[in-house]
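# Reading the structure
Listed below are the residues making up each chain.
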Protein chains: 2
Amino acid sequence: MMGYKYTIMRDPIPSHAKMVFKGKIFEVWQWEQKMFDGSIMIFERLRRPNTVQSVATVGDKILLQTQQQPDKMEPFPSLPGGRCDSFDEDPLEAAKRELLEETGYVSDDWTLWKEQNPVGKIQWTIYTFIARNCRKQQEPQLDAGEKITTHLIDFEEFLMLSEHPYFYEKELAVSLFRARFSQKERKKLKNLIFGK
Amino acid sequence: MMGYKYTIMRDPIPSHAKMVFKGKIFEVWQWEQKMFDGSIMIFERLRRPNTVQSVATVGDKILLQTQQQPDKMEPFPSLPGGRCDSFDEDPLEAAKRELLEETGYVSDDWTLWKEQNPVGKIQWTIYTFIARNCRKQQEPQLDAGEKITTHLIDFEEFLMLSEHPYFYEKELAVSLFRARFSQKERKKLKNLIFGK
(Lines give C-alpha, C1' and ligand atoms only; values in the text may rest on other atoms or scores of the structure.)
Protein backbone atom coordinates (compact mmCIF):
# COMPACT_ATOMS: atom_id res chain seq x y z
CA MET A 1 0.00 0.00 0.00
CA MET A 2 3.01 2.32 0.23
CA GLY A 3 4.47 4.29 -2.58
CA TYR A 4 1.66 6.46 -3.80
CA LYS A 5 2.90 8.97 -6.32
CA TYR A 6 1.48 12.18 -4.94
CA THR A 7 1.18 14.62 -7.75
CA ILE A 8 -0.38 17.96 -7.08
CA MET A 9 1.48 20.98 -5.77
CA ARG A 10 -0.17 24.07 -7.06
CA ASP A 11 2.40 26.73 -6.24
CA PRO A 12 5.57 25.34 -4.68
CA ILE A 13 7.90 27.73 -2.89
CA PRO A 14 10.75 28.44 -5.35
CA SER A 15 14.05 26.74 -4.55
CA HIS A 16 15.89 30.07 -4.12
CA ALA A 17 13.43 31.27 -1.44
CA LYS A 18 14.68 31.80 2.14
CA MET A 19 12.88 30.88 5.33
CA VAL A 20 12.50 34.12 7.30
CA PHE A 21 10.48 32.74 10.24
CA LYS A 22 9.70 29.33 11.69
CA GLY A 23 6.68 29.18 13.97
CA LYS A 24 4.97 26.30 15.76
CA ILE A 25 3.09 25.23 12.64
CA PHE A 26 3.84 27.71 9.89
CA GLU A 27 7.10 28.67 8.20
CA VAL A 28 7.34 31.98 6.31
CA TRP A 29 9.43 32.00 3.13
CA GLN A 30 10.37 34.98 0.93
CA TRP A 31 12.13 35.51 -2.37
CA GLU A 32 12.86 38.16 -4.96
CA GLN A 33 10.32 37.81 -7.73
CA LYS A 34 10.79 39.29 -11.19
CA MET A 35 7.59 40.99 -12.24
CA PHE A 36 6.15 41.15 -15.78
CA ASP A 37 7.83 44.55 -16.37
CA GLY A 38 11.24 43.34 -15.15
CA SER A 39 11.03 45.03 -11.74
CA ILE A 40 11.72 43.02 -8.56
CA MET A 41 9.40 42.52 -5.58
CA ILE A 42 9.67 40.46 -2.41
CA PHE A 43 7.15 37.63 -2.62
CA GLU A 44 6.02 35.60 0.36
CA ARG A 45 4.61 32.15 0.80
CA LEU A 46 4.05 29.84 3.77
CA ARG A 47 4.74 26.22 4.38
CA ARG A 48 2.96 24.02 6.88
CA PRO A 49 2.85 20.24 7.43
CA ASN A 50 0.40 18.50 5.16
CA THR A 51 -2.85 17.21 6.61
CA VAL A 52 -4.75 14.01 6.03
CA GLN A 53 -8.32 12.83 6.46
CA SER A 54 -10.09 9.57 5.82
CA VAL A 55 -13.51 8.45 4.68
CA ALA A 56 -13.50 5.31 6.82
CA THR A 57 -16.20 2.71 6.30
CA VAL A 58 -17.57 0.13 8.74
CA GLY A 59 -19.97 -2.17 6.91
CA ASP A 60 -22.25 0.17 4.95
CA LYS A 61 -21.63 3.11 7.33
CA ILE A 62 -19.06 5.90 7.44
CA LEU A 63 -17.19 7.13 10.54
CA LEU A 64 -17.98 10.76 11.25
CA GLN A 65 -16.56 12.78 14.11
CA THR A 66 -17.95 15.65 16.06
CA GLN A 67 -14.99 17.65 17.21
CA GLN A 68 -14.33 20.45 19.62
CA GLN A 69 -11.04 22.32 19.86
CA PRO A 70 -9.77 24.20 22.92
CA ASP A 71 -9.89 27.58 21.16
CA LYS A 72 -13.05 27.10 19.11
CA MET A 73 -16.54 27.82 20.26
CA GLU A 74 -18.62 25.46 18.19
CA PRO A 75 -18.34 21.71 17.74
CA PHE A 76 -18.05 20.81 14.07
CA PRO A 77 -18.34 17.62 11.99
CA SER A 78 -15.11 16.28 10.54
CA LEU A 79 -13.51 13.18 9.12
CA PRO A 80 -10.85 11.38 11.16
CA GLY A 81 -7.46 12.93 10.42
CA GLY A 82 -4.85 15.46 11.39
CA ARG A 83 -1.39 16.80 10.62
CA CYS A 84 1.59 14.88 9.33
CA ASP A 85 4.21 14.66 12.09
CA SER A 86 6.85 16.22 9.84
CA PHE A 87 7.26 17.56 6.32
CA ASP A 88 8.53 14.13 5.34
CA GLU A 89 5.94 11.82 6.89
CA ASP A 90 4.17 9.73 4.30
CA PRO A 91 0.54 10.91 4.14
CA LEU A 92 -0.81 7.36 4.16
CA GLU A 93 1.11 6.56 7.34
CA ALA A 94 -0.24 9.74 8.93
CA ALA A 95 -3.78 8.81 7.89
CA LYS A 96 -3.45 5.35 9.46
CA ARG A 97 -2.01 6.81 12.66
CA GLU A 98 -4.71 9.48 13.00
CA LEU A 99 -7.54 7.03 12.27
CA LEU A 100 -6.24 4.67 14.97
CA GLU A 101 -5.63 7.42 17.55
CA GLU A 102 -8.90 9.25 17.01
CA THR A 103 -11.29 6.35 16.45
CA GLY A 104 -9.47 3.14 17.42
CA TYR A 105 -10.19 1.67 13.97
CA VAL A 106 -7.82 0.12 11.42
CA SER A 107 -8.22 -0.85 7.76
CA ASP A 108 -6.31 -3.01 5.28
CA ASP A 109 -7.92 -1.43 2.23
CA TRP A 110 -6.73 2.13 1.62
CA THR A 111 -7.19 4.29 -1.49
CA LEU A 112 -6.09 7.86 -2.14
CA TRP A 113 -9.15 9.87 -3.22
CA LYS A 114 -8.11 13.54 -3.33
CA GLU A 115 -5.09 15.80 -3.11
CA GLN A 116 -5.97 19.45 -2.67
CA ASN A 117 -3.91 22.60 -2.19
CA PRO A 118 -6.57 24.73 -0.56
CA VAL A 119 -4.66 28.05 -0.43
CA GLY A 120 -2.44 29.42 -3.19
CA LYS A 121 -0.07 31.16 -0.81
CA ILE A 122 0.52 28.15 1.42
CA GLN A 123 2.52 25.09 0.45
CA TRP A 124 0.09 22.66 2.03
CA THR A 125 -1.72 19.62 0.68
CA ILE A 126 -4.79 17.95 2.19
CA TYR A 127 -4.82 14.24 1.35
CA THR A 128 -8.19 12.52 1.52
CA PHE A 129 -8.07 8.73 1.74
CA ILE A 130 -10.72 6.06 1.72
CA ALA A 131 -10.26 3.37 4.37
CA ARG A 132 -12.63 0.49 3.68
CA ASN A 133 -13.94 -2.25 5.94
CA CYS A 134 -12.53 -0.81 9.13
CA ARG A 135 -12.52 -2.87 12.32
CA LYS A 136 -12.12 -1.64 15.86
CA GLN A 137 -8.73 -2.46 17.36
CA GLN A 138 -8.56 -0.30 20.50
CA GLU A 139 -10.16 2.61 22.31
CA PRO A 140 -9.41 6.10 20.88
CA GLN A 141 -6.26 7.77 22.31
CA LEU A 142 -7.12 11.46 22.28
CA ASP A 143 -4.57 14.06 23.23
CA ALA A 144 -5.15 17.04 25.51
CA GLY A 145 -6.19 19.27 22.60
CA GLU A 146 -8.89 16.96 21.28
CA LYS A 147 -12.50 16.40 22.26
CA ILE A 148 -13.87 14.03 19.68
CA THR A 149 -16.87 11.74 19.53
CA THR A 150 -17.20 9.27 16.69
CA HIS A 151 -20.44 8.00 15.22
CA LEU A 152 -21.57 6.02 12.21
CA ILE A 153 -23.60 7.62 9.45
CA ASP A 154 -24.99 6.17 6.26
CA PHE A 155 -24.08 7.24 2.72
CA GLU A 156 -27.09 9.56 2.38
CA GLU A 157 -26.16 11.36 5.60
CA PHE A 158 -22.60 11.63 4.34
CA LEU A 159 -23.82 13.37 1.18
CA MET A 160 -25.83 15.83 3.27
CA LEU A 161 -22.67 17.07 4.99
CA SER A 162 -22.49 19.36 1.95
CA GLU A 163 -25.28 21.38 3.61
CA HIS A 164 -23.66 21.71 7.03
CA PRO A 165 -22.48 25.28 7.71
CA TYR A 166 -19.54 24.06 9.83
CA PHE A 167 -18.37 21.36 7.44
CA TYR A 168 -15.23 23.12 6.30
CA GLU A 169 -14.15 20.82 3.48
CA LYS A 170 -15.56 22.77 0.57
CA GLU A 171 -13.84 20.75 -2.15
CA LEU A 172 -15.29 17.61 -0.62
CA ALA A 173 -18.65 19.38 -0.46
CA VAL A 174 -18.47 19.88 -4.23
CA SER A 175 -18.03 16.12 -4.71
CA LEU A 176 -20.93 15.41 -2.37
CA PHE A 177 -23.11 17.85 -4.28
CA ARG A 178 -22.23 16.24 -7.55
CA ALA A 179 -23.30 12.86 -6.14
CA ARG A 180 -26.54 14.25 -4.70
CA PHE A 181 -27.71 15.57 -8.02
CA SER A 182 -26.62 12.88 -10.45
CA GLN A 183 -27.57 9.21 -10.09
CA LYS A 184 -24.51 8.24 -12.09
CA GLU A 185 -22.15 10.23 -9.89
CA ARG A 186 -23.87 8.96 -6.76
CA LYS A 187 -23.32 5.38 -7.82
CA LYS A 188 -19.71 6.10 -8.77
CA LEU A 189 -18.97 7.69 -5.41
CA LYS A 190 -20.72 4.94 -3.48
CA ASN A 191 -18.71 2.30 -5.34
CA LEU A 192 -15.50 4.22 -4.70
CA ILE A 193 -16.15 4.56 -0.98
CA PHE A 194 -17.45 1.08 -0.24
CA GLY A 195 -15.42 -0.75 -2.87
CA LYS A 196 -16.84 -2.75 -5.77
CA MET B 1 -23.94 51.71 0.25
CA MET B 2 -21.46 51.97 3.13
CA GLY B 3 -21.91 50.47 6.51
CA TYR B 4 -22.39 46.77 5.87
CA LYS B 5 -22.39 44.88 9.10
CA TYR B 6 -19.87 42.17 8.35
CA THR B 7 -20.57 39.26 10.60
CA ILE B 8 -18.53 36.12 10.19
CA MET B 9 -15.17 35.51 11.84
CA ARG B 10 -14.75 31.83 12.39
CA ASP B 11 -11.78 31.75 14.72
CA PRO B 12 -10.52 35.18 15.66
CA ILE B 13 -7.04 35.48 17.17
CA PRO B 14 -7.58 35.84 20.94
CA SER B 15 -7.03 39.32 22.34
CA HIS B 16 -4.14 38.17 24.58
CA ALA B 17 -2.17 36.73 21.62
CA LYS B 18 1.16 38.33 20.66
CA MET B 19 2.43 39.00 17.16
CA VAL B 20 5.72 37.12 16.83
CA PHE B 21 6.45 37.90 13.16
CA LYS B 22 5.23 40.36 10.57
CA GLY B 23 5.91 39.45 6.96
CA LYS B 24 4.98 41.11 3.68
CA ILE B 25 1.46 39.68 3.74
CA PHE B 26 1.16 37.40 6.75
CA GLU B 27 1.47 38.09 10.47
CA VAL B 28 2.14 35.21 12.86
CA TRP B 29 0.43 35.37 16.27
CA GLN B 30 0.89 33.04 19.25
CA TRP B 31 -0.68 32.60 22.65
CA GLU B 32 -0.79 30.24 25.60
CA GLN B 33 -3.83 28.01 25.22
CA LYS B 34 -5.33 26.05 28.07
CA MET B 35 -6.06 22.52 26.91
CA PHE B 36 -9.00 20.34 27.94
CA ASP B 37 -6.89 18.69 30.68
CA GLY B 38 -5.70 22.03 32.08
CA SER B 39 -2.23 21.87 30.54
CA ILE B 40 -0.88 24.81 28.51
CA MET B 41 0.32 24.80 24.89
CA ILE B 42 1.51 27.52 22.55
CA PHE B 43 -1.12 27.98 19.85
CA GLU B 44 -0.48 29.77 16.58
CA ARG B 45 -2.66 31.56 14.11
CA LEU B 46 -2.03 33.90 11.19
CA ARG B 47 -3.55 37.14 10.08
CA ARG B 48 -3.57 38.50 6.57
CA PRO B 49 -5.47 41.35 4.89
CA ASN B 50 -8.94 40.36 3.80
CA THR B 51 -9.63 39.84 0.13
CA VAL B 52 -12.56 40.81 -2.05
CA GLN B 53 -14.04 39.64 -5.33
CA SER B 54 -17.01 40.74 -7.38
CA VAL B 55 -19.57 39.10 -9.63
CA ALA B 56 -19.87 42.10 -11.93
CA THR B 57 -22.64 42.18 -14.51
CA VAL B 58 -22.81 44.05 -17.82
CA GLY B 59 -26.27 43.65 -19.31
CA ASP B 60 -27.00 39.92 -19.05
CA LYS B 61 -23.29 38.98 -18.97
CA ILE B 62 -20.74 38.55 -16.19
CA LEU B 63 -17.16 39.84 -16.20
CA LEU B 64 -14.68 36.98 -15.95
CA GLN B 65 -10.92 37.34 -15.89
CA THR B 66 -8.16 35.11 -17.07
CA GLN B 67 -5.22 35.85 -14.88
CA GLN B 68 -1.53 35.04 -14.82
CA GLN B 69 0.76 35.74 -11.90
CA PRO B 70 4.54 36.19 -12.09
CA ASP B 71 5.22 33.09 -9.99
CA LYS B 72 2.46 30.81 -11.29
CA MET B 73 2.70 28.59 -14.30
CA GLU B 74 -0.88 28.34 -15.46
CA PRO B 75 -3.38 31.06 -16.28
CA PHE B 76 -6.56 30.64 -14.24
CA PRO B 77 -10.10 32.06 -14.32
CA SER B 78 -11.00 34.48 -11.55
CA LEU B 79 -13.44 37.18 -10.60
CA PRO B 80 -12.20 40.79 -10.42
CA GLY B 81 -10.80 41.45 -6.97
CA GLY B 82 -7.76 41.53 -4.75
CA ARG B 83 -6.46 42.38 -1.30
CA CYS B 84 -7.67 45.13 1.01
CA ASP B 85 -4.97 47.82 1.28
CA SER B 86 -4.89 47.49 5.06
CA PHE B 87 -6.55 45.57 7.87
CA ASP B 88 -8.97 48.50 8.20
CA GLU B 89 -9.99 49.11 4.61
CA ASP B 90 -13.71 48.67 4.09
CA PRO B 91 -14.20 45.58 1.91
CA LEU B 92 -16.75 47.34 -0.32
CA GLU B 93 -14.30 50.16 -1.02
CA ALA B 94 -11.62 47.58 -1.85
CA ALA B 95 -14.02 45.76 -4.19
CA LYS B 96 -14.85 49.02 -6.04
CA ARG B 97 -11.16 49.92 -6.33
CA GLU B 98 -10.13 46.48 -7.62
CA LEU B 99 -12.99 46.30 -10.12
CA LEU B 100 -12.03 49.70 -11.53
CA GLU B 101 -8.29 48.96 -11.65
CA GLU B 102 -8.58 45.48 -13.14
CA THR B 103 -11.46 45.95 -15.56
CA GLY B 104 -12.12 49.71 -15.87
CA TYR B 105 -15.78 49.15 -14.89
CA VAL B 106 -17.88 50.84 -12.18
CA SER B 107 -21.28 50.05 -10.68
CA ASP B 108 -23.84 51.93 -8.57
CA ASP B 109 -25.62 48.77 -7.44
CA TRP B 110 -23.57 46.71 -4.99
CA THR B 111 -24.71 43.81 -2.79
CA LEU B 112 -22.71 41.67 -0.38
CA TRP B 113 -23.22 38.02 -1.32
CA LYS B 114 -20.78 35.95 0.77
CA GLU B 115 -18.34 36.21 3.64
CA GLN B 116 -16.09 33.19 3.98
CA ASN B 117 -13.21 32.32 6.29
CA PRO B 118 -11.53 29.73 4.12
CA VAL B 119 -8.86 28.52 6.57
CA GLY B 120 -9.38 27.93 10.29
CA LYS B 121 -5.84 28.90 11.25
CA ILE B 122 -5.85 32.19 9.36
CA GLN B 123 -7.81 35.27 10.36
CA TRP B 124 -8.83 36.11 6.82
CA THR B 125 -12.21 36.75 5.22
CA ILE B 126 -13.05 36.62 1.51
CA TYR B 127 -15.91 39.01 0.71
CA THR B 128 -17.84 38.29 -2.47
CA PHE B 129 -19.92 41.16 -3.80
CA ILE B 130 -22.35 41.51 -6.66
CA ALA B 131 -21.85 44.62 -8.77
CA ARG B 132 -24.83 45.04 -11.10
CA ASN B 133 -25.20 47.00 -14.32
CA CYS B 134 -21.56 47.91 -14.64
CA ARG B 135 -20.46 50.50 -17.18
CA LYS B 136 -16.97 51.05 -18.52
CA GLN B 137 -15.31 54.18 -17.19
CA GLN B 138 -11.64 53.79 -18.13
CA GLU B 139 -9.04 51.34 -19.39
CA PRO B 140 -7.76 48.79 -16.84
CA GLN B 141 -4.77 49.96 -14.76
CA LEU B 142 -2.80 46.77 -14.14
CA ASP B 143 0.23 46.73 -11.90
CA ALA B 144 3.54 45.02 -12.65
CA GLY B 145 2.43 41.79 -10.96
CA GLU B 146 -0.77 41.39 -12.97
CA LYS B 147 -1.47 39.94 -16.40
CA ILE B 148 -5.22 39.96 -16.72
CA THR B 149 -7.62 39.76 -19.61
CA THR B 150 -11.32 40.37 -19.06
CA HIS B 151 -14.15 38.85 -21.01
CA LEU B 152 -17.92 38.58 -20.79
CA ILE B 153 -19.60 35.26 -20.13
CA ASP B 154 -23.27 34.39 -19.79
CA PHE B 155 -24.96 32.95 -16.70
CA GLU B 156 -24.73 29.35 -17.93
CA GLU B 157 -20.99 29.68 -18.52
CA PHE B 158 -20.67 31.22 -15.06
CA LEU B 159 -22.34 28.15 -13.53
CA MET B 160 -19.92 25.87 -15.39
CA LEU B 161 -16.95 27.47 -13.63
CA SER B 162 -17.75 24.89 -10.95
CA GLU B 163 -16.15 22.31 -13.29
CA HIS B 164 -12.93 24.21 -13.97
CA PRO B 165 -9.91 22.58 -12.27
CA TYR B 166 -8.19 25.96 -11.76
CA PHE B 167 -11.23 27.80 -10.43
CA TYR B 168 -10.06 28.02 -6.85
CA GLU B 169 -13.20 29.37 -5.19
CA LYS B 170 -14.60 26.12 -3.87
CA GLU B 171 -17.30 27.69 -1.71
CA LEU B 172 -18.52 29.62 -4.73
CA ALA B 173 -18.35 26.37 -6.71
CA VAL B 174 -20.78 24.82 -4.21
CA SER B 175 -23.26 27.65 -4.88
CA LEU B 176 -22.85 27.22 -8.63
CA PHE B 177 -23.44 23.48 -8.29
CA ARG B 178 -26.58 24.07 -6.30
CA ALA B 179 -27.88 26.34 -9.05
CA ARG B 180 -26.97 23.87 -11.80
CA PHE B 181 -28.99 21.09 -10.26
CA SER B 182 -32.09 22.86 -9.00
CA GLN B 183 -34.31 25.07 -11.15
CA LYS B 184 -35.44 26.94 -8.07
CA GLU B 185 -31.90 27.66 -6.90
CA ARG B 186 -30.87 28.61 -10.44
CA LYS B 187 -33.65 31.18 -10.64
CA LYS B 188 -32.83 32.50 -7.18
CA LEU B 189 -29.14 32.94 -8.03
CA LYS B 190 -29.91 34.53 -11.40
CA ASN B 191 -32.25 37.01 -9.72
CA LEU B 192 -29.65 37.77 -7.07
CA ILE B 193 -26.90 38.40 -9.60
CA PHE B 194 -28.84 40.38 -12.17
CA GLY B 195 -31.26 42.04 -9.78
CA LYS B 196 -35.02 41.60 -9.80
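Since the model is a prediction, treat every value here as computed from it, not as a measurement. (Residues numbered from 1 in each chain as written. Chains lettered and ligands numbered in written order. Predicted model: local features only at pLDDT ≥ 70, side-chain atom pairs only at ≥ 80, totals over all residues. Heavy atoms only, no water.)

### Describing helix 4 (residues 183–194) of chain B
Residue and element names in this part refer to chain B. The first and last C-alpha atoms of helix 4 sit 16 Å apart over 12 residues, in line with the 16 Å expected at 1.5 Å per residue. Buried within helix 4 we find Arg186, Leu189, Ile193 and Phe194. The arc that holds every buried residue of helix 4, seen down its axis, measures 110°, which confines them to one face. Away from its buried face by more than 90 degrees, helix 4 exposes Lys184, Lys187 and Lys188. Just beyond helix 4, the residue with positive phi is Gly195, at close to 80°. (Helix = DSSP H or I, 4+ residues; strand = E, 2+ residues; numbered from the N terminus. Expected span 1.5 Å × (residues − 1). Buried < 20%, exposed > 50% of the residue type's maximum accessible area, 1.4 Å probe, protein only. Arc of directions from axis to C-beta.)

### Remarks on the interface of chain B and chain A
When the parts of a complex come together, some accessible area is lost, and that lost area is often used as the size of the interface. Counting from both sides, the interface comprises 47 residues of chain B and, opposite them, 47 residues of chain A. Contact with chain A buries surface across chain B, with Phe36(B), Glu44(B) and Asp71(B) losing the most and accounting together for 16% of the total. The closest approach of N and O atoms between Glu163(A) and Arg178(B), which form a salt bridge, is 2.8 Å. For the side of chain B that touches chain A, the elements supplying multiple residues, two or more each, are strand 1 (18–22), strand 2 (27–34), strand 3 (40–47) and helix 3 (170–181) of chain B. Of all the elements, helix 3 of chain B adds the most residues to the side of chain B that touches chain A, at seven residues. Considered class by class, the residues forming the side of chain B that touches chain A number 21 nonpolar, eight polar and 18 charged. (Contact = heavy atoms within 4.5 Å. Buried area = accessible area lost by both parts, 1.4 Å probe. Salt bridge = Lys/Arg side-chain N within 4 Å of Asp/Glu carboxyl O. Nonpolar A, V, L, I, M, F, W, Y, C, P; charged D, E, K, R; others polar.)

### A short note on the relation of the copies chain B and chain A
Expressed as a screw operation, the relation of chain B to chain A combines 0.0 Å of axial shift with a rotation of 180°, fitting to an RMSD of 0.0 Å. Such values leave the two copies arranged in the relation of a two-fold axis. Here 100% of the contact residues of chain B are again contact residues in chain A; the copies associate through an equivalent surface. (Least-squares fit on C-alpha atoms with pLDDT ≥ 70 in both.)

### Details of the environment of Lys34(A)
Within the secondary structure, Lys34(A) is located in strand 2 (residues 27–34). Residue Lys34(A) is classed as exposed on the basis of its relative accessible area, which comes to 54%. Linking Lys34(A) and Pro70(A), residues 36 residues apart in sequence, is a C-alpha distance of 43 Å. Ignoring anything within four residues of it in the chain, the contact list for Lys34(A) reads Ser39(A), Ile40(A) and Pro70(B).

### Some words on the sheet that holds strand 1 (residues 18–22) of chain A
Strand order in the open sheet formed by four strands is 1-2-3-10 (chain A), with mixed pairing between adjacent strands. Lying at the two open borders of the sheet, with one neighbouring strand each, are strand 1 and strand 10 (122–123) of chain A. (Pairing = 2+ DSSP bridges.)

### Digging into unusual backbone geometry
Even without being glycine, Asn133(A) reaches a positive phi, approximately 50°. Structurally, Asn133(A) can be placed in the loop between strand 11 (126–132) and strand 12 (135–136).

### Observations concerning the sheet that holds strand 1 of chain B
In sheet architecture, strand pairing relies on hydrogen bonds along the backbone and comes in two forms, parallel and antiparallel. On the basis of which strands lie adjacent, the open sheet formed by four strands has the order 1-2-3-10 (chain B) and mixed pairing. The open sheet has two edge strands with one neighbour each: strand 1 and strand 10 (122–123) of chain B.

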